[in-house]
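Structural characterization, general
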Amino acid sequence: MQDNNNPYQTPNAAPPLAHAEQDVPLATRGKRFFGALIDGLIQLAIIGPMVYFSGTWDEMMQSNGSLDLVGTLTWFIIGEVLFLALQGYLLFNRQQTIGKWLLNMKIVGMEQEQVPAGKLYGLRYLVLHVASQIPVVNLIGIVDPLLIFRKDKRCLHDLLAGTQVVELKAA
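Overview of the structure. Everything numeric in this text was worked out from a predicted model, so none of it was measured.

Basis of the calculations
- Residues numbered from 1 in each chain as written.
- Predicted model: local features only at pLDDT ≥ 70, side-chain atom pairs only at ≥ 80, totals over all residues.
- Heavy atoms only, no water.
- Helix = DSSP H or I, 4+ residues; strand = E, 2+ residues; numbered from the N terminus.
- Buried < 20%, exposed > 50% of the residue type's maximum accessible area, 1.4 Å probe, protein only.
- Areas by Shrake-Rupley, 256 points an atom, 1.4 Å probe, with all protein chains shown as cover.
- Expected span 1.5 Å × (residues − 1).
- Bend = angle between axes of the 7 residues up to and from the residue.
- Contact = heavy atoms within 4.5 Å.
- Axes fitted to C-alpha atoms, helices over the stretch in contact; angles between N-to-C directions.
- Parallel < 35°, antiparallel > 145°, perpendicular 65-115°, else oblique.
- Left-handed = near helix turned anticlockwise from the far one by under 90°.
- Nonpolar A, V, L, I, M, F, W, Y, C, P; charged D, E, K, R; others polar.
- Core = buried A, V, L, I, M, F, W, Y, C linked by side-chain atoms within 4.5 Å.

A look at the overall build of the protein chain
Per the secondary structure count, the protein chain includes seven helices and two strands. Evaluated residue by residue, the protein chain yields a buried proportion of 32% over its 171 residues. Carbon and sulfur atoms form 65% of the exposed surface of the protein chain, whose accessible area is close to 11,100 Å².

Next comes the structure, spelled out in structure tokens:
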């Protein structure tokens, strides 16, 4: 007979299932690809003309496609601010990007559905955006999307942030 007041006793109830184990279909690789493509094209449609009309494009073409450190940092910060301006509302309020919203997908945590903003932006996006600016380390940008071919369909950014992308039920 076990003492019910024993603080060291193993709980009788099973722990709640992690979100990954619940009956929620993972987003398909194709939908994730097209969602990322939509997000990238939206970002490019805005930042591309900014780079061209600011004279930065000509500067890069005259210096074999590179910028100095100040120019690189400036455009990195502009890109991140633009990313947050475009994606921030959906990302922090609905855990979606524009592409995920259009294709009925959502980012969820592995342990709980809601993902804290720091993990959602910091670990899922910012870490890889920073890594993409560092020579040699930027090869991680090739490894990241290739991990989607694993059985759990989680890319490197999903593994870092403890997230996965799931299908939303059609409304």
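Okay, back to it.
Section: helix α5 (residues 117–131)
Since the α-helix advances by 3.6 residues per turn, residues separated by three or four positions end up pointing in the same direction. Spanning 15 residues, α5 covers 20 Å between terminal C-alpha atoms, matching the ideal 21 Å at 1.5 Å per step. The largest bend along α5 reaches roughly 30° and is located at tyrosine 125. Every buried residue of α5 is listed here: Leu120, Tyr121, Gly122, Arg124, Tyr125, Leu128 and Ala131.

A word on helix α3 (residues 69–94)
Over its 26 residues, α3 runs 35 Å from end to end, which matches the ideal 38 Å to within 8%, given 1.5 Å per residue. At glutamine 87, α3 shows its largest bend, some 65°. Considered for burial, the residues of α3 that qualify are Gly71, Trp75, Phe76, Gly79, Glu80, Leu82, Phe83, Gln87, Gly88, Leu90 and Leu91. In this fold, the buried residues of α3 make contact with α1 (29–53), α2 (56–62), α4 (98–102), β1 (105–109) and α5. Count one or two residues on from α3 and you reach glutamine 95, which has phi positive near 55°.

Re unusual backbone geometry
For glutamine 95, which is not glycine, the phi dihedral falls at a positive 55°. Turning to its location among the elements, glutamine 95 is positioned in the loop between α3 and α4. Residue glutamine 95 is classed as buried on the basis of its relative accessible area of 1%.

Points about the packing of α1 against α3
Close contact between α1 and α3 brings their axes to 11 Å; oriented N to C, the two are set at 135°. Relative to α3, the element α1 lies oblique. Pair α1 / α3 crosses with right-handed handedness. Contacts between α1 and α3 involve Asp39, Ile42, Gln43, Ile46, Ile47, Met50 and Val51 from the first element and Trp75, Ile78, Gly79, Leu82, Phe83, Leu86 and Gln87 from the second. In the contact of α1 with α3, the residues fall into 10 nonpolar, three polar and one charged.

Points about the nonpolar core
Counting 10 residues, the largest nonpolar core consists of Ala27, Phe83, Leu91, Met105, Ile107, Val115, Leu120, Tyr121, Tyr125 and Val165. The set of elements that each furnish at least two residues to this core consists of α3, β1 and α5. The greatest single-element share of this core, amounting to three residues, is contributed by α5. Among all residues touching isoleucine 107, those that are not within four sequence positions of it are Leu91, Gln95, Lys100, Glu113, Leu120, Arg124, Tyr125, Thr163, Gln164 and Val165.

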